[in-house]
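Residue strings, one per chain:
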Amino acid sequence: MPEFLNKDFMLDSPTAVELYHDYAEKMPIIDYHCHIDPADIYSNRKFENIAEIWLGGDHYKWRLMRACGVEEDRITGAAADSEKFEAYADTLPRAPGNPVYLWSHLELKRYFGCDKTLNPGTAAEIWDFCNDKLARDEGLRVRGIIERSNVETIVTTDDPADSLEWHIKLASDETLRTRVLPGWRPTNLLDIENAGFASYISKLGSVSHIHIEDFSSLKDTLLRRMQYFRAHGCRSCDHGLRSIAYAPASDERANEIFTKRLRGATLTCEEADQLRYAILAYCAKEYARLGWVMQLHLGAIRNVNSVMYERLGPDTGFDSAGSGDGLQGLAQFLDALNKEGSLPKTIIFSIDPADNLAVNSLAGCFSREGAKGRVQQGAAWWFNDTYTGIKQQITAYAEAGALGNFTGMLTDSRCFLSYARHEYFRRILCNVLGDWVRRGFYPDDMGSLGALVQDICYNNVKNFFSI
């Protein structure tokens, strides 16, 4: 029986072992989509205890604790950090198969040098051991964690109204080895039905020194903000959408709807879709002109538990994977941009694993001479970044396209220890390829396979994002 989390865990063949240790393991990380706070990188934040770094803001762990009946006070509430850690330790042994179980132990091993498994019997010892390390080891401050993880570039998610203050400071900090770039994320702009939409537009105009009174001035503002982001290193944009409704409207019609919404009027579903589409289509054309990569995260049902949303706010673990709503609107959106010569490089993430074939076949419709993987599926996302989900995504990508073009893994995380997810992904990737060799599906050509692995782990994303 293999030892838990040994050096070859998840690697079931000699080919997989060689691919991982000789090719994948040593590649730098480009984390092209995450939700960490750049201010923490600038200040080189020091964490007081393992609960603070581990449980603060990590809704994956919060969901697991809630599933085991832990009271909210010991998850996001006022309970002492030691109590929260104990509650998590009580939870973890009940979660075999959940990726959080392996991620947690990978993080203990890689960052703290702790080989013990976390459970109620070891919680006190691990708490003291890790907290002692945090207190004494400067390498467990934020920058040390990033450097230890071999992270070359980080791309955060930033609102168009953001001043990018911390990115500006980081860019001038010569002691930082890792590049930290902003990523344009217009969630508030596209949340047209939100009661705070008009206030947000006012804020956006204020930071741009433009009075936004119509659709034309909104576009002027967005262009100015994109230019500002570009000047500070932005290479990509990200959009979290339930789906894309193909609802083209003239600028005149978009202006009518926009000014109506600014006055506080409630829009019909059709009007909201038209305005959202007009904004998204305008932005996409500018993304193409700027050379940005457009990321589309589709399918999540947000804030399902309204009681807890009112209590804790968004991004606290009460979102759900949605069932497939079809991708017709997305297909029409991409086609409309392509017809105008304005289709940017695009990565599509669907939270529904049933969409794997549809997304990959759709992506293949927009290939272009001289551009590898111009439109492609992103890594298994959110509820799918499991052992099974990652294998399914890799297989679907390979079977419907050219796996060698894949841009690989991202953390999509708020936790600085989550770079271990790249190791998790790389081991699964190498094991899938090793299994294909073992079955005679691909030649045992280590040179070709090794280059493929290094491309997926690093080279492709570096080239795709022009980083």
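Rules used throughout
- Residues numbered from 1 in each chain as written.
- Predicted model: local features only at pLDDT ≥ 70, side-chain atom pairs only at ≥ 80, totals over all residues.
- Heavy atoms only, no water.
- Pairing = 2+ DSSP bridges.
- Helix = DSSP H or I, 4+ residues; strand = E, 2+ residues; numbered from the N terminus.
- Axes fitted to C-alpha atoms, helices over the stretch in contact; angles between N-to-C directions.
- Contact = heavy atoms within 4.5 Å.
- 1 Å grid on protein atoms, 1.4 Å probe; cavity = no way out; pocket = protein on both sides within 12 Å on 5 of 7 lines; lining within 4 Å.
- Points joined across faces, edges and corners; volume = space filled by probe spheres on them.
- Nonpolar A, V, L, I, M, F, W, Y, C, P; charged D, E, K, R; others polar.
- Buried < 20%, exposed > 50% of the residue type's maximum accessible area, 1.4 Å probe, protein only.
- Patch = residues over 30% accessible without salt bridge, like charges linked within 9 Å, V, L, I, M, F, W, Y side chains within 5 Å.
- Areas by Shrake-Rupley, 256 points an atom, 1.4 Å probe, with all protein chains shown as cover.
- Salt bridge = Lys/Arg side-chain N within 4 Å of Asp/Glu carboxyl O.
- Lys, Arg positive; Asp, Glu negative; His and termini not counted.
- Charge placed at Lys NZ, Arg CZ, Asp CG, Glu CD.

**Re the sheet that holds strand β9 (residues 375–377)**
(1) Moving on: Ordered by their spatial adjacency, four strands build an open sheet running β4-β5-β8-β9, and the pairing between neighbours is parallel. The strands lining the two open edges of the sheet, one partner per strand, are β4 (236–241) and β9. Taking each pair of neighbouring strands and ignoring which way they run, the sheet shows an average axis angle of 20 degrees.
(2) Moving on: Against the sheet, helix α16 (residues 328–339) engages β5 (293–298), β8 (345–350) and β9, with an angle of about 165 degrees to β5.
(3) Moving on: Against the sheet, helix α20 (residues 446–464) contacts β5, β8 and β9, and its axis sits at roughly 125 degrees relative to β8.

**Points about empty space enclosed by the protein**
(1) Moving on: All chains considered together, the criterion is met by four cavities of 30 Å³ or more.
(2) Moving on: Looking at the largest cavity, it is lined by 14 residues, and the ones nearest its centre are Ser350, Asn356, Gln377, Ala380 and Asn384.
(3) Moving on: Only β8 and α18 (387–400) provide two or more residues apiece to the lining of the largest cavity.
(4) Moving on: Counted as a void, the second largest cavity has a volume near 60 Å³.
(5) Moving on: Lining the second largest cavity are Gly57, Asp58, His59, Tyr60, Asp412, Ser413, Arg414, Cys415 and Arg421.
(6) Moving on: The residue makeup of the lining of the second largest cavity, split by class, is two nonpolar, three polar and four charged.

**Things to note about the environment of Cys415**
(1) Moving on: Within the element layout of this structure, Cys415 appears in the loop between α18 and α19 (420–438).
(2) Moving on: Sequence-distant contacts of Cys415, defined by excluding residues within four places in its chain, comprise Ile36, Ile53 and Asp58.

**Some points on the layout of surface pockets**
(1) Moving on: Here the second largest pocket defines a volume of roughly 280 Å³.
(2) Moving on: Taken together, 14 residues form the lining of the second largest pocket, with Glu25, Ile29, Arg148, Ser149 and Glu423 sitting closest to its centre.
(3) Moving on: Elements with a minimum of two residues in the lining of the second largest pocket: α6 (99–112) and α19.
(4) Moving on: Broken down by element, the residue count for the lining of the second largest pocket peaks at four residues, all from α19.
(5) Moving on: Taken together, the residues that form the lining of the second largest pocket break down as six nonpolar, three polar and five charged.

**Some details on unusual backbone geometry**
(1) Moving on: One non-glycine residue with positive phi stands out, namely Asn44, at about 55 degrees.
(2) Moving on: Locating Asn44 in the fold gives a position in the loop between α2 (38–43) and α3 (50–55).
(3) Moving on: Despite not being glycine, Asp412 shows a phi value in the positive range, around 50 degrees.
(4) Moving on: Judged by its relative accessible area of 14%, Asp412 falls in the buried class.

**Some thoughts on the sheet that holds strand β3 (residues 179–181)**
(1) Moving on: With parallel pairing, three strands are arranged side by side in an open sheet as β1-β2-β3. Looking along the sheet, the strands with just one partner apiece sit at the ends: β1 (29–31) and β3. Shown here is a sheet whose adjacent strand axes are inclined to one another by a mean of 10 degrees, direction ignored.
(2) Moving on: As paired elements, strand β2 (residues 151–155) and β3 share three bridges and run parallel to each other. Within the sheet, the bridge partner assigned to Ile154 lies in β3 and is Val180.

**Overview of a negative patch on the surface**
(1) Moving on: Together, Glu18, Asp22, Asp444 and Asp445 line one region of the surface with negative charge.
(2) Moving on: Position of Asp444 among the secondary structure elements: in the loop between α19 and α20.
(3) Moving on: A residue is classified by how much of its surface remains accessible, and Asp444, at 57% relative accessible area, is exposed.

Remember that the coordinates give geometry; whether it matters functionally is a separate question.
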